[in-house]
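# Chain and residue survey
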Amino acid sequence: MKIILVTGASRGIGRSIAKTLARNNYKVIANYNKSFEQALDLQNELKKEKINIDIFKADVSKRNEVKKMINYIINKYKKIDVLINNAGIDQEGIFQDISDDEWHNVIDVNLYSVFCTTQEVVKNMISNKSGCIINISSIYGTQGGACSVAYSASKAGIDGITKSLAKELGPSNIRVNSIAPGFINTDMNNYLSKEEVNKIINETPLQKIGKPEEIAKCINWLIEDSFTTGQIISINGGWNT
Ligand code: NAD
(Lines give C-alpha, C1' and ligand atoms only; values in the text may rest on other atoms or scores of the structure.)
Protein backbone atom coordinates (compact mmCIF):
# COMPACT_ATOMS: atom_id res chain seq x y z
CA MET A 1 0.00 0.00 0.00
CA LYS A 2 1.31 3.46 -0.89
CA ILE A 3 2.11 5.70 2.10
CA ILE A 4 1.16 9.33 1.54
CA LEU A 5 1.80 12.43 3.63
CA VAL A 6 -0.51 15.39 3.00
CA THR A 7 0.47 18.60 4.80
CA GLY A 8 -2.16 21.08 5.95
CA ALA A 9 -4.88 18.47 5.62
CA SER A 10 -7.38 19.59 8.27
CA ARG A 11 -9.46 21.69 5.86
CA GLY A 12 -9.83 22.96 2.30
CA ILE A 13 -7.84 21.44 -0.55
CA GLY A 14 -5.64 19.33 1.75
CA ARG A 15 -8.66 17.76 3.45
CA SER A 16 -10.19 16.89 0.09
CA ILE A 17 -6.89 15.37 -1.11
CA ALA A 18 -6.62 13.29 2.09
CA LYS A 19 -10.21 12.04 1.74
CA THR A 20 -9.93 11.19 -1.96
CA LEU A 21 -6.67 9.29 -1.55
CA ALA A 22 -7.78 7.44 1.59
CA ARG A 23 -10.96 6.34 -0.22
CA ASN A 24 -8.78 5.10 -3.09
CA ASN A 25 -6.94 2.73 -0.75
CA TYR A 26 -3.84 4.77 -0.08
CA LYS A 27 -2.57 5.01 3.51
CA VAL A 28 -2.83 8.69 4.38
CA ILE A 29 -1.04 10.61 7.10
CA ALA A 30 -2.89 13.91 7.43
CA ASN A 31 -0.75 16.67 8.89
CA TYR A 32 -2.29 19.56 10.79
CA ASN A 33 -0.85 22.38 12.85
CA LYS A 34 -3.40 24.21 15.00
CA SER A 35 -6.68 22.59 13.94
CA PHE A 36 -6.77 19.40 16.04
CA GLU A 37 -10.60 19.36 16.15
CA GLN A 38 -10.89 19.53 12.36
CA ALA A 39 -8.21 16.87 11.88
CA LEU A 40 -9.97 14.58 14.35
CA ASP A 41 -13.25 15.22 12.56
CA LEU A 42 -11.62 14.14 9.27
CA GLN A 43 -10.26 11.00 10.91
CA ASN A 44 -13.69 10.17 12.39
CA GLU A 45 -15.52 10.89 9.14
CA LEU A 46 -13.34 8.31 7.36
CA LYS A 47 -13.56 5.87 10.27
CA LYS A 48 -17.32 5.69 9.65
CA GLU A 49 -16.43 4.39 6.17
CA LYS A 50 -14.05 1.87 7.80
CA ILE A 51 -11.02 3.79 6.55
CA ASN A 52 -8.16 4.50 8.96
CA ILE A 53 -5.90 7.47 8.52
CA ASP A 54 -3.21 8.87 10.83
CA ILE A 55 -3.27 12.50 11.90
CA PHE A 56 -0.06 14.18 13.02
CA LYS A 57 0.51 17.65 14.45
CA ALA A 58 3.48 19.57 13.07
CA ASP A 59 4.17 23.15 12.07
CA VAL A 60 5.76 22.52 8.68
CA SER A 61 7.76 25.73 8.89
CA LYS A 62 9.72 24.26 11.83
CA ARG A 63 12.50 21.76 11.02
CA ASN A 64 12.35 19.95 14.39
CA GLU A 65 8.58 19.37 14.11
CA VAL A 66 8.87 18.16 10.51
CA LYS A 67 11.68 15.76 11.53
CA LYS A 68 9.50 14.27 14.29
CA MET A 69 6.63 13.76 11.86
CA ILE A 70 8.80 12.06 9.21
CA ASN A 71 10.47 9.85 11.85
CA TYR A 72 7.03 8.80 13.07
CA ILE A 73 5.98 7.79 9.55
CA ILE A 74 9.22 5.96 8.70
CA ASN A 75 9.20 4.10 12.03
CA LYS A 76 5.60 3.03 11.56
CA TYR A 77 5.44 2.36 7.80
CA LYS A 78 9.15 2.06 6.82
CA LYS A 79 8.68 4.32 3.79
CA ILE A 80 6.98 7.37 2.29
CA ASP A 81 5.84 6.93 -1.31
CA VAL A 82 4.16 10.28 -1.89
CA LEU A 83 4.60 13.72 -0.36
CA ILE A 84 1.99 16.38 -0.98
CA ASN A 85 3.20 19.79 0.14
CA ASN A 86 -0.14 21.54 0.47
CA ALA A 87 0.06 23.66 3.66
CA GLY A 88 0.05 27.37 2.97
CA ILE A 89 -1.13 30.77 4.10
CA ASP A 90 -2.43 33.73 2.15
CA GLN A 91 -1.09 37.28 2.12
CA GLU A 92 -3.03 40.29 0.98
CA GLY A 93 -2.02 43.93 1.01
CA ILE A 94 -0.13 46.50 -0.96
CA PHE A 95 3.59 45.96 -1.49
CA GLN A 96 4.66 49.01 0.53
CA ASP A 97 2.84 47.70 3.60
CA ILE A 98 4.48 44.26 3.75
CA SER A 99 6.53 44.18 6.94
CA ASP A 100 9.67 42.08 7.33
CA ASP A 101 7.79 39.83 9.77
CA GLU A 102 4.93 39.24 7.33
CA TRP A 103 7.36 38.56 4.46
CA HIS A 104 9.37 36.04 6.51
CA ASN A 105 6.23 34.34 7.82
CA VAL A 106 4.76 33.82 4.33
CA ILE A 107 8.09 32.59 2.95
CA ASP A 108 8.63 30.29 5.95
CA VAL A 109 5.18 28.69 5.87
CA ASN A 110 4.77 28.49 2.09
CA LEU A 111 8.30 28.00 0.76
CA TYR A 112 10.73 26.97 3.51
CA SER A 113 8.22 24.28 4.51
CA VAL A 114 8.46 22.72 1.04
CA PHE A 115 12.28 22.81 1.15
CA CYS A 116 12.44 21.40 4.66
CA THR A 117 9.72 18.71 4.42
CA THR A 118 10.96 17.52 1.04
CA GLN A 119 14.54 17.35 2.30
CA GLU A 120 13.50 15.17 5.23
CA VAL A 121 11.37 12.86 3.05
CA VAL A 122 13.63 12.54 0.06
CA LYS A 123 16.35 10.56 1.87
CA ASN A 124 13.90 7.68 2.20
CA MET A 125 12.65 8.02 -1.37
CA ILE A 126 16.21 7.97 -2.77
CA SER A 127 17.05 4.78 -0.91
CA ASN A 128 13.81 3.23 -2.22
CA LYS A 129 14.56 4.49 -5.74
CA SER A 130 10.93 5.57 -5.96
CA GLY A 131 8.83 8.59 -5.05
CA CYS A 132 6.32 11.20 -6.05
CA ILE A 133 6.34 14.75 -4.74
CA ILE A 134 3.49 17.13 -5.49
CA ASN A 135 3.73 20.77 -4.49
CA ILE A 136 0.63 22.94 -4.38
CA SER A 137 1.74 26.27 -5.77
CA SER A 138 -0.69 28.78 -7.31
CA ILE A 139 -1.62 30.57 -10.49
CA TYR A 140 -0.04 33.59 -8.76
CA GLY A 141 3.34 31.85 -8.89
CA THR A 142 3.31 31.90 -12.70
CA GLN A 143 1.05 34.92 -13.43
CA GLY A 144 1.73 37.11 -10.36
CA GLY A 145 -0.97 38.73 -8.30
CA ALA A 146 -1.40 42.40 -7.40
CA CYS A 147 -1.38 42.93 -3.62
CA SER A 148 -0.01 39.40 -3.16
CA VAL A 149 3.70 39.92 -3.77
CA ALA A 150 5.02 37.81 -0.87
CA TYR A 151 2.51 35.05 -1.58
CA SER A 152 3.28 35.09 -5.33
CA ALA A 153 7.04 35.04 -4.63
CA SER A 154 6.63 32.04 -2.33
CA LYS A 155 4.62 30.16 -4.96
CA ALA A 156 7.06 31.03 -7.78
CA GLY A 157 9.79 29.71 -5.47
CA ILE A 158 7.88 26.45 -5.10
CA ASP A 159 7.72 26.10 -8.89
CA GLY A 160 11.50 26.67 -9.00
CA ILE A 161 12.00 23.85 -6.50
CA THR A 162 9.71 21.63 -8.57
CA LYS A 163 11.53 22.18 -11.85
CA SER A 164 15.04 21.87 -10.37
CA LEU A 165 14.32 18.85 -8.18
CA ALA A 166 12.62 17.03 -11.04
CA LYS A 167 15.94 17.21 -12.90
CA GLU A 168 18.03 16.27 -9.86
CA LEU A 169 15.85 13.40 -8.66
CA GLY A 170 14.64 11.96 -11.98
CA PRO A 171 17.54 9.46 -12.12
CA SER A 172 16.39 8.20 -8.68
CA ASN A 173 12.93 7.53 -10.14
CA ILE A 174 11.38 10.36 -8.14
CA ARG A 175 8.85 12.56 -9.92
CA VAL A 176 8.30 16.16 -8.79
CA ASN A 177 5.41 18.30 -10.01
CA SER A 178 3.47 21.39 -9.00
CA ILE A 179 -0.25 21.83 -9.17
CA ALA A 180 -1.06 25.50 -9.59
CA PRO A 181 -4.73 26.09 -8.74
CA GLY A 182 -6.70 29.10 -9.85
CA PHE A 183 -9.56 30.23 -7.64
CA ILE A 184 -10.76 27.32 -5.47
CA ASN A 185 -13.70 27.60 -3.09
CA THR A 186 -12.07 27.26 0.36
CA ASP A 187 -11.86 29.23 3.61
CA MET A 188 -8.68 30.87 2.31
CA ASN A 189 -10.87 33.01 0.03
CA ASN A 190 -13.53 33.86 2.63
CA TYR A 191 -12.34 37.45 2.85
CA LEU A 192 -13.56 38.19 -0.69
CA SER A 193 -16.99 39.79 -1.16
CA LYS A 194 -19.70 38.18 -3.27
CA GLU A 195 -19.10 40.87 -5.93
CA GLU A 196 -15.38 40.10 -6.07
CA VAL A 197 -16.06 36.36 -6.46
CA ASN A 198 -18.61 37.08 -9.21
CA LYS A 199 -16.02 39.18 -11.03
CA ILE A 200 -13.60 36.25 -11.02
CA ILE A 201 -16.36 33.92 -12.26
CA ASN A 202 -17.08 36.32 -15.13
CA GLU A 203 -13.39 36.46 -16.04
CA THR A 204 -13.12 32.66 -16.02
CA PRO A 205 -13.79 30.96 -19.39
CA LEU A 206 -15.54 28.04 -17.67
CA GLN A 207 -17.70 30.60 -15.79
CA LYS A 208 -17.28 29.00 -12.36
CA ILE A 209 -14.87 28.69 -9.46
CA GLY A 210 -13.08 25.46 -8.66
CA LYS A 211 -13.84 22.89 -5.97
CA PRO A 212 -11.17 21.23 -3.77
CA GLU A 213 -12.21 17.84 -5.20
CA GLU A 214 -11.12 19.01 -8.65
CA ILE A 215 -7.57 19.44 -7.35
CA ALA A 216 -7.74 16.10 -5.51
CA LYS A 217 -8.77 14.31 -8.72
CA CYS A 218 -5.66 15.58 -10.52
CA ILE A 219 -3.45 14.61 -7.57
CA ASN A 220 -4.81 11.08 -7.76
CA TRP A 221 -4.03 10.90 -11.46
CA LEU A 222 -0.52 12.31 -10.93
CA ILE A 223 0.26 9.69 -8.29
CA GLU A 224 -0.77 6.89 -10.63
CA ASP A 225 1.12 8.37 -13.58
CA SER A 226 4.72 7.35 -14.31
CA PHE A 227 6.13 9.74 -16.96
CA THR A 228 5.17 13.26 -15.82
CA THR A 229 7.79 15.28 -13.97
CA GLY A 230 8.97 18.89 -13.68
CA GLN A 231 5.55 20.20 -14.69
CA ILE A 232 3.49 23.09 -13.35
CA ILE A 233 -0.05 21.87 -13.91
CA SER A 234 -2.57 24.70 -13.88
CA ILE A 235 -6.12 23.90 -12.82
CA ASN A 236 -7.95 27.17 -13.15
CA GLY A 237 -11.01 26.96 -15.41
CA GLY A 238 -9.02 28.94 -17.98
CA TRP A 239 -8.61 31.96 -15.65
CA ASN A 240 -5.33 33.79 -16.11
CA THR A 241 -5.75 36.36 -13.25
P1 NAD B 1 -6.91 26.69 3.68
O2 NAD B 1 -6.53 27.91 4.41
O3 NAD B 1 -8.30 26.18 3.78
O4 NAD B 1 -5.93 25.48 4.04
C5 NAD B 1 -4.57 25.66 4.33
C6 NAD B 1 -4.16 24.58 5.28
O7 NAD B 1 -2.76 24.74 5.61
C8 NAD B 1 -4.94 24.66 6.59
O9 NAD B 1 -5.34 23.36 6.98
C10 NAD B 1 -3.90 25.20 7.57
O11 NAD B 1 -4.12 24.79 8.90
C12 NAD B 1 -2.61 24.59 7.00
N13 NAD B 1 -1.42 25.27 7.49
C14 NAD B 1 -1.17 26.60 7.47
N15 NAD B 1 0.04 26.83 8.05
C16 NAD B 1 0.54 25.63 8.43
C17 NAD B 1 1.73 25.21 9.07
N18 NAD B 1 2.66 26.10 9.45
N19 NAD B 1 1.93 23.90 9.31
C20 NAD B 1 1.00 22.97 8.93
N21 NAD B 1 -0.17 23.31 8.34
C22 NAD B 1 -0.38 24.62 8.08
O23 NAD B 1 -6.57 26.98 2.16
P24 NAD B 1 -6.64 26.09 0.84
O25 NAD B 1 -7.32 26.91 -0.15
O26 NAD B 1 -7.11 24.73 1.13
O27 NAD B 1 -5.08 26.06 0.47
C28 NAD B 1 -4.32 24.87 0.31
C29 NAD B 1 -3.12 25.19 -0.59
O30 NAD B 1 -3.60 25.56 -1.88
C31 NAD B 1 -2.29 26.37 -0.09
O32 NAD B 1 -0.93 26.10 -0.30
C33 NAD B 1 -2.75 27.52 -0.98
O34 NAD B 1 -1.77 28.51 -1.11
C35 NAD B 1 -3.01 26.78 -2.27
N36 NAD B 1 -3.89 27.50 -3.21
C37 NAD B 1 -5.20 27.77 -2.88
C38 NAD B 1 -5.99 28.45 -3.79
C39 NAD B 1 -7.44 28.78 -3.50
O40 NAD B 1 -8.05 29.53 -4.28
N41 NAD B 1 -8.04 28.28 -2.44
C42 NAD B 1 -5.47 28.87 -5.01
C43 NAD B 1 -4.14 28.59 -5.31
C44 NAD B 1 -3.37 27.90 -4.39
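Residues numbered from 1 in each chain as written. Predicted model: local features only at pLDDT ≥ 70, side-chain atom pairs only at ≥ 80, totals over all residues. Heavy atoms only, no water.

### Brief notes about the packing of helix α4 (residues 100-128) against helix α6 (residues 149-169)
With their axes 8 Å apart at the nearest point, α4 and α6 run at an angle of 15 degrees to one another. Classified by the interaxial angle, the pair formed by α4 and α6 is roughly parallel. The handedness of the crossing between α4 and α6 is right-handed. Between α4 and α6, the contacting residues are W103, V106, I107, N110, L111, V114, F115, T118, V122 and I126 on the first element and A150, Y151, A153, S154, K155, G157, I158, I161, L165 and L169 on the second. Looking at the contact of α4 with α6 residue by residue, the classes come out as 15 nonpolar, four polar and one charged. (Axes fitted to C-alpha atoms, helices over the stretch in contact; angles between N-to-C directions. Helix = DSSP H or I, 4+ residues; strand = E, 2+ residues; numbered from the N terminus. Parallel < 35°, antiparallel > 145°, perpendicular 65-115°, else oblique. Left-handed = near helix turned anticlockwise from the far one by under 90°. Contact = heavy atoms within 4.5 Å. Nonpolar A, V, L, I, M, F, W, Y, C, P; charged D, E, K, R; others polar.)

### Digging into the pairing of strand β5 (residues 131-136)
Most of β5 sits inside the fold, with six of its six residues counted as buried. Alternating positions in β5 separate into two faces, G131, I133 and N135 on one and C132, I134 and I136 on the other, with burial throughout. Inspection of the sheet shows strand β4 (residues 82-85) paired to β5 by four bridges, in the parallel sense. Following the sheet pairing, N85 is matched in β5 by N135. (Buried < 20%, exposed > 50% of the residue type's maximum accessible area, 1.4 Å probe, protein only. Pairing = 2+ DSSP bridges.)

### Digging into unusual backbone geometry
For N25, which is not glycine, the phi dihedral falls at a positive 70 degrees. Looking at the element boundaries, N25 is found in the loop between α1 (12-23) and β2 (27-32). N25 sits in the exposed class, given a relative accessible area of 59%.

### Side note on the side chain of N189
Relative to the elements of secondary structure, N189 occurs in the loop between β6 (174-181) and α7 (194-203). By relative accessible area, N189 is classed as buried at 18%. Apart from residues lying up to four places away in sequence, N189 is in contact with F183 and I184.

### Topic: the site of the ligand
The full set close to the ligand counts 27 residues, and R11, I13, N86, Y151 and T186 are the nearest of them. Taking N86, its main chain carries an N or O atom lying 2.7 Å from an oxygen atom of the ligand. For the ligand, whose unbound accessible area comes to 830 Å², protein coverage reaches 93%. Elements with a contribution of two residues or more to the shell around the ligand: α1 and α6. Looking at side-chain class alone, the shell around the ligand contains 12 nonpolar, 12 polar and three charged residues. (Near = heavy atom within 4 Å. Polar contact = N/O pair within 3.5 Å; in protein donor to acceptor, adjacent residues only side chain to side chain. Areas by Shrake-Rupley, 256 points an atom, 1.4 Å probe, with all protein chains shown as cover.)

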